[in-house]
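Coordinate inspection notes
Here are the chains, one letter per residue:
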Amino acid sequence: MLKQLVYRRTFCTPGTIKAAVITWFVTSIFVILLNAPAEKDSSTDVVTQELIFVEAKKDSHKAWCKPKTLYTGTRTSIQINLEEKSWTTLDEIHSDVENGGWSPHSCKSRQRIAIVIPYRDRERNLKLMLDHMHKFLKHQQAAYGIYIIEQVANTKFNRAMLMNIGFVEATRDSNWDCIIFHDVDLLPENIDNIYKCSDRAPRHFSLRPSQYRYRLPYKGLVGGVLAFTRQQFKTVNGFSNMFWEWGHEDDDMKNRILDKIGMIARPSLEVSKYKSLEHTKAGRNQYGKHLVVLSKARGFSEGLNTLQNSYRVMSREKRKLFTRVVIDLGDVGNAYANRIIEELDTLMPGAWQSLVYNFAKNNKNNALQEVVD
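Structural notes, computed from the coordinates. Since the model is a prediction, treat every value here as computed from it, not as a measurement.

**What about the nonpolar core?**
- Core analysis: the biggest nonpolar cluster contains 35 residues, and Ile113, Ile115, Leu137, Tyr144, Ile146, Ile180 and Tyr195 have the highest contact counts within it.
- Of all elements in the fold, only β2 (112–119), α4 (123–139), β3 (143–151), β4 (178–182), β5 (186–188) and β8 (225–228) reach the threshold of two or more residues within this core.
- Broken down by element, this core gets its largest block of residues, seven residues, from α4.
- Look past the residues within four positions of Ile146 in its chain and what remains in contact with it is Gly100, Ile115, Ile117, Leu130, His134, Leu321, Phe322 and Thr323.

Shown next, in the form of structure tokens:
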């Protein structure tokens, strides 16, 4: 265009030539900027090459996801199917699930969620839960992956330690926004119980399990289904690793949240009903109350930070419906209880009995500040 203007002098003045040059220059710069590659967002990079699922490419034109409507009207309860299916049948029913997870293609999920399930010897419960949870989370249009952290049967069960391990193993795979620790025997009954993390505080979901006649057992309850952002879990230093067998590890976590964050987020009571599946409970930890006192006396100084070199990954398998991580905790649990009373006496000689009594008396009333979120 510039050459044409120069050659046709009889029709152009110096002013029009100057204007044409400026227009051409500005237009060229604008085109270059439009075609420049966008800066890469490193915050969504996958930590390793081992993906849980193929994440859909980010599309600025996609709307935020909303939960699908299950029913017409206001009914939001989900029917619980207690028919046990074979693994082959489950794979066929959930044919759209790959490598233990799923993500929506037509919209953008606000958070990417890892479901971490501590597990041993409850295959029926696991099948029922996986069938239910995949349907539930897909209806909520969640981008998620499910991890089964399975302890081999050569030592006492340590649910809290398995959840710490689950956090480490899951976050090695991907930058999950939200990690939800989920008992294998609890199934959510309301689609409006949205599985997400709160930026304000850890979020407790299972307020009304059917085993307690759909009532909140006590205000300080944080067990069952509990969610953290990565930073929140690091802030409380994870769960204590001291709780072998069953009982009181959730009371210790409540104290950690109270000490480090000061509040707990919860959904409304109307949507927080859970079906409790039948199972045989593991042996109860006879030193549970002592351990809660000991953990608090230590200032919650052990937990996620002391996990290294305390377990061995026996196998890691990516199945269609979940990622299975088999863990060997060794024989440390078998001798662990014998050292508890000695350490308590060292820290608090002659006084720990009254401390344990006061804990048992007051712990249920020492509730966290609650926020509905």
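Let us keep going from here.
**A closer look at empty space enclosed by the protein**
- Here the structure, examined in full by the defined rule, presents one cavity of 30 Å³ or more.
- Looking at the largest cavity, the residues that line it are Arg159, Met163, Phe181, Val222, Gly223, Gly224, Val225, Leu226, Phe239 and Asp250.
- Looking at the lining of the largest cavity, the elements with two or more residues in it are α5 (159–173) and β8.

**Regarding α5**
- The first and last C-alpha atoms of α5 sit 21 Å apart over 15 residues, in line with the 21 Å expected at 1.5 Å per residue.
- The buried fraction of α5 amounts to 14 of the 15 residues, a majority that puts the element mostly inside the structure.

**Digging into the state of the cysteines**
- Applying the stated criterion to the full structure yields two disulfides.
- At a sulfur-sulfur separation of 2.0 Å, the disulfide partner of Cys65 is Cys107. The chirality of the disulfide connecting Cys65 with Cys107 is right-handed, given an S-S dihedral of about 100°. One end of the pair, Cys65, is in the loop between α2 (14–35) and α3 (87–93); the other, Cys107, is in the loop between β1 (101–102) and β2, with 42 residues separating them in the sequence. The pair formed by Cys65 and Cys107 is uniform in burial state, with each residue classed as buried.
- Disulfide pairing places Cys178 opposite Cys197 at an S-S distance of 2.2 Å. The disulfide joining Cys178 to Cys197 has a torsion of about 80° about its S-S bond and is therefore right-handed. Remark: Cys197 occurs in the loop between β5 and β6 (203–204) and Cys178 occurs in strand β4; sequence separation between them is 19 residues. Neither Cys178 nor Cys197 differs from the other in exposure class; each is buried.
- Listing the disulfide partners of the protein by sequence rank of the bonded cysteines yields 1-2, 3-4.

Rules and cut-offs
Residues numbered from 1 in each chain as written. Predicted model: local features only at pLDDT ≥ 70, side-chain atom pairs only at ≥ 80, totals over all residues. Heavy atoms only, no water. Core = buried A, V, L, I, M, F, W, Y, C linked by side-chain atoms within 4.5 Å. Buried < 20%, exposed > 50% of the residue type's maximum accessible area, 1.4 Å probe, protein only. Helix = DSSP H or I, 4+ residues; strand = E, 2+ residues; numbered from the N terminus. Contact = heavy atoms within 4.5 Å. 1 Å grid on protein atoms, 1.4 Å probe; cavity = no way out; pocket = protein on both sides within 12 Å on 5 of 7 lines; lining within 4 Å. Points joined across faces, edges and corners; volume = space filled by probe spheres on them. Expected span 1.5 Å × (residues − 1). Disulfide = S-S within 2.5 Å.

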